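# Results of the structural survey
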Amino acid sequence: MRYTINQRNDGEDELILNYRELNPEVEAVLTFMEKHQKKLIGRIGEETVIFSPEEILYIEKVDDRTFAYTREKVIQLDMSLAAVELILDDIQYFRCSKSMIINVNKVEKLKSLPSNRIDATMAGGEHIMISRTYASKFRRLIRGDWHER
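Note that the structure is a prediction, hence the values are computed from the model and not measured.

The rules we used
- Residues numbered from 1 in each chain as written.
- Predicted model: local features only at pLDDT ≥ 70, side-chain atom pairs only at ≥ 80, totals over all residues.
- Heavy atoms only, no water.
- Helix = DSSP H or I, 4+ residues; strand = E, 2+ residues; numbered from the N terminus.
- Buried < 20%, exposed > 50% of the residue type's maximum accessible area, 1.4 Å probe, protein only.
- Contact = heavy atoms within 4.5 Å.
- Areas by Shrake-Rupley, 256 points an atom, 1.4 Å probe, with all protein chains shown as cover.
- Lys, Arg positive; Asp, Glu negative; His and termini not counted.
- Charge placed at Lys NZ, Arg CZ, Asp CG, Glu CD.
- Phe/Tyr/Trp six-rings, centres within 6.5 Å; stacked < 30°, edge-to-face > 60°.
- Salt bridge = Lys/Arg side-chain N within 4 Å of Asp/Glu carboxyl O.
- Polar contact = N/O pair within 3.5 Å; in protein donor to acceptor, adjacent residues only side chain to side chain.
- Expected span 1.5 Å × (residues − 1).
- Arc of directions from axis to C-beta.
- Core = buried A, V, L, I, M, F, W, Y, C linked by side-chain atoms within 4.5 Å.
- Pairing = 2+ DSSP bridges.
- Axes fitted to C-alpha atoms, helices over the stretch in contact; angles between N-to-C directions.

Each helix and strand counted, the protein chain has three helices and ten strands in total. Along the longest, intermediate and shortest principal axes, the C-alpha atoms of the protein chain span 50 × 40 × 25 Å. Residues classed as buried in the protein chain amount to 34% of the 149 residues present. Restricting to contacts in the protein chain with at least 6 residues of sequence separation, those with at least 24 account for 38%. Here the protein chain has roughly 10500 Å² of accessible surface; of this, 48% comes from carbon and sulfur atoms. The averaged location of the 25 negative side-chain charges in the protein chain is 8 Å from the averaged location of its 23 positive side-chain charges.

A few words now on the packing of aromatic side chains. With the rule as written, the count across this model stands at two aromatic pairs. Note on tyrosine 58 and tyrosine 69: the rings are 4.5 Å apart at their centroids and 15 degrees apart in plane angle, and the pair reads as stacked. A residue pair is termed long-range when its members are at least 10 positions apart, and tyrosine 58 in strand E3 (residues 58-62) and tyrosine 69 in strand E4 (residues 65-69) qualify at eleven residues. Given a relative accessible area of 16%, tyrosine 69 falls into the buried group.

Attention now goes to the side chain of glutamate 60. Mapped onto the fold, glutamate 60 is located in strand E3. The charged side chain of glutamate 60 is buried without a salt bridge, its nearest counter-charge being arginine 65 at 11 Å. One polar contact links glutamate 60 to tyrosine 69, side chain to side chain, over a distance of 3.4 Å. Discounting residues that sit within four places of it in the chain, glutamate 60 has contacts with Arg65, Thr66, Phe67, Tyr69, Ser99 and Met100.

On to helix H3 (residues 132-143). For H3, spanning twelve residues, the distance from its first C-alpha to its last is 17 Å, which sits close to the expected 16 Å at 1.5 Å a residue. Every buried residue of H3 is accounted for by Tyr134, Ala135, Phe138 and Leu141. Buried residues of H3, seen end-on, are gathered within an arc of 125 degrees and therefore sit on one face of the element. Opposite the buried face of H3, by more than 90 degrees, sit the exposed residues Arg132 and Arg143. Against the buried residues of H3 lie strand E6 (93-97), strand E7 (100-103), strand E8 (107-113), strand E9 (117-122) and strand E10 (127-130). In the segment just after H3, glycine 144 is the residue with positive phi, at about 95 degrees.

This part is about the nonpolar core. In this structure, Tyr58, Phe94, Cys96, Ile102, Ile128, Ile130 and Phe138 are the most contacted members of the largest nonpolar core, which totals 20 residues. When contributions to this core are tallied by element, the ones reaching two or more residues are E4, E6, E7, E9, E10 and H3. Broken down by element, the residue count for this core peaks at four residues, all from H3. Beyond its immediate stretch of four places on either side in the chain, tyrosine 58 contacts Phe67, Ala68, Tyr69, Met100, Ile101, Ile102, Glu126 and Ile128.

Attention now goes to the sheet that holds E9. What the three strands build is an open sheet, ordered E8-E9-E10; its pairing is antiparallel. Lying at the two open borders of the sheet, with one neighbouring strand each, are E8 and E10. The sheet shows a mean angle of 25 degrees between the axes of neighbouring strands, direction not considered. Summarising the sheet, E9 and E10 pair through four bridges and their orientation is antiparallel. Along E10, the bridge assignment pairs isoleucine 118 with isoleucine 130. The sheet contacts of H3 involve E8, E9 and E10, and relative to E9 the element is tilted by about 60 degrees.

Pasting the structure below:
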């Protein structure tokens, strides 16, 4: 596949994809394009905020409420963790326990722990525990041999 990139000084940013037939490489570009169109809506106090899924470090269910954590904010989401998981249906987001989803691209360090658990250090320094139930799937994901969610 040939790539052409042009920087313009005026007008709106535009991404054009020309292809002869749909193949895995073209599908990956389409997935990337669609993913960056998604926005999530949540609340910080009484204020409604719109944000991009790429900002998320992790999402956690606490006391029947769902929160998305970014570097700067904690945003309450008005949906279940399962609903968020469906919206973020992408290997970039990984269910690491019954109550948490992490953004794999925001993991900076990993440390294996006893009982087959993993301590994931996120961008920003938070430590997230990947439970033993999900640890082997996570190891396969980071090795690149992840074929199904």
